[in-house]
Amino acid sequence: GKVRVLGASNISTARLSAMNADATARELVPFTVIQPGYNLVWRNEYPADLEALALRDGLEVVPYYSLASGFLTGKYAGDDDFVGIRGGSAQRFANPLGWAALPVVKAIADECGATMGQIALAWIAARPAIWAPLASATSRGQVDELIAATKLSLSDDQTARLNAVSIDC
């Protein structure tokens, strides 16, 4: 009886649905939080059916890799920039579709007087069922920049342009 909230990470829609149905039938605590990998250029861990389940059941979604290991901040311009552990993680997003998304993110950042990272976070935070995107920072300045993303509101046109380049794997 001490469990109040359950969360799951990297779980399939079918498994989560079955586990929650079983918990409900047994009058146990169901999962209420999920943590998929999800961002503008990598959506395969949070497919449409999992989003639909989250919306239907009121699950809170707290995605990780919200900035694609820094790829969506624009700090990587080419293959030579992917150095170190973070660079190695970010390189997974450096595919033709990922590179094609960056100019759109940059254009919208310029329109908003924001950084590319702020735009990526504002887009993900505005998605249905998203409770809060997770993003890593290595300095106080980065923390301040990430917090500023919470004050951004994207227009319908900007959201549509970002959706158009979003990679739905």
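Everything that follows concerns the structure shown earlier in this document.
Quantities reported herein were computed from a predicted structural model and do not represent experimental measurements.

Peer 1: Give a detailed account of the overall build of the protein chain, specifying residues and quantitative values.
Peer 2: Secondary structure assignment for the protein chain yields 7 helices and 3 strands. Ordering the α and β elements of the protein chain from the N terminus gives β-α-β-α-β-α-α-α-α-α. For the C-alpha atoms alone, the extent of the protein chain along its principal axes is close to 50 × 35 × 30 Å. Partitioning the intrachain contacts of the protein chain with sequence separation of at least 6 by distance along the chain shows that 72% fall at a separation of at least 24. Split by element, the accessible area of the protein chain, about 9,100 Å² in all, is 54% carbon and sulfur. For the protein chain, the distance from the average site of its 14 positive side-chain charges to the average site of its 17 negative ones is 8 Å.

Peer 1: How would you sum up unusual backbone geometry? Please name residues and give values.
Peer 2: Backbone geometry follows two general trends: most residues other than glycine have a negative phi, and most peptide bonds adopt the trans configuration. In this structure, glutamate 27 takes a positive phi of about 60° despite not being glycine. On the secondary structure map, glutamate 27 appears in the loop between helix 1 (13–25) and strand 2 (31–35). Unusually for a residue other than glycine, serine 69 sits at a positive phi of about 55°. Judged by relative accessible area, which is 18%, serine 69 ranks as buried.

Peer 1: Describe the side chain of glutamine 158, with residues and values.
Peer 2: Relative to the assigned elements, glutamine 158 resides in helix 7 (residues 156–165). On the accessibility criterion, glutamine 158 (9% relative accessible area) is buried. At 2.9 Å, the side chain of glutamine 158 forms a polar contact with the side chain of glutamate 111. In this structure glutamine 158 touches Ile108, Glu111, Cys112 and Ser153, once residues within four positions along its chain are discounted.

Peer 1: Please set out the environment of arginine 92 residue by residue, giving values where relevant.
Peer 2: Along the chain, the position of arginine 92 falls in the loop between helix 3 (84–90) and helix 4 (96–112). Remark: the alpha-carbon pair of arginine 92 and tryptophan 42, spanning 50 residues in sequence, is separated by 9.4 Å. Aside from chain neighbours lying at most four places away, what touches arginine 92 is Trp42 and Tyr65.

Peer 1: Please give an account of the packing of helix 1 against helix 2 (residues 48–57) that cites residues and values.
Peer 2: Packing of helix 1 against helix 2 brings their axes to within 9 Å, and their N-to-C directions diverge by 25°. When the axis of helix 1 is compared with that of helix 2, the two are roughly parallel. Taking contact as the criterion, the partners of Thr13, Leu16 and Ser17 in helix 1 are, on helix 2, Asp49, Leu50, Leu53 and Arg56. Across the contact of helix 1 with helix 2, the residue classes break down as 3 nonpolar, 2 polar and 2 charged.

Peer 1: Outline the sheet that holds strand 3 (residues 60–61), listing residues and values.
Peer 2: Spatially, 1-2-3 is the arrangement adopted by the 3 strands of the open sheet, whose pairing is parallel. The sheet is open, and its two borders are formed by strand 1 (6–9) and strand 3, each paired with just one other strand.

What counts and how
- Residues numbered from 1 in each chain as written.
- Predicted model: local features only at pLDDT ≥ 70, side-chain atom pairs only at ≥ 80, totals over all residues.
- Heavy atoms only, no water.
- Helix = DSSP H or I, 4+ residues; strand = E, 2+ residues; numbered from the N terminus.
- Contact = heavy atoms within 4.5 Å.
- Areas by Shrake-Rupley, 256 points an atom, 1.4 Å probe, with all protein chains shown as cover.
- Lys, Arg positive; Asp, Glu negative; His and termini not counted.
- Charge placed at Lys NZ, Arg CZ, Asp CG, Glu CD.
- Buried < 20%, exposed > 50% of the residue type's maximum accessible area, 1.4 Å probe, protein only.
- Polar contact = N/O pair within 3.5 Å; in protein donor to acceptor, adjacent residues only side chain to side chain.
- Axes fitted to C-alpha atoms, helices over the stretch in contact; angles between N-to-C directions.
- Parallel < 35°, antiparallel > 145°, perpendicular 65-115°, else oblique.
- Nonpolar A, V, L, I, M, F, W, Y, C, P; charged D, E, K, R; others polar.
- Pairing = 2+ DSSP bridges.

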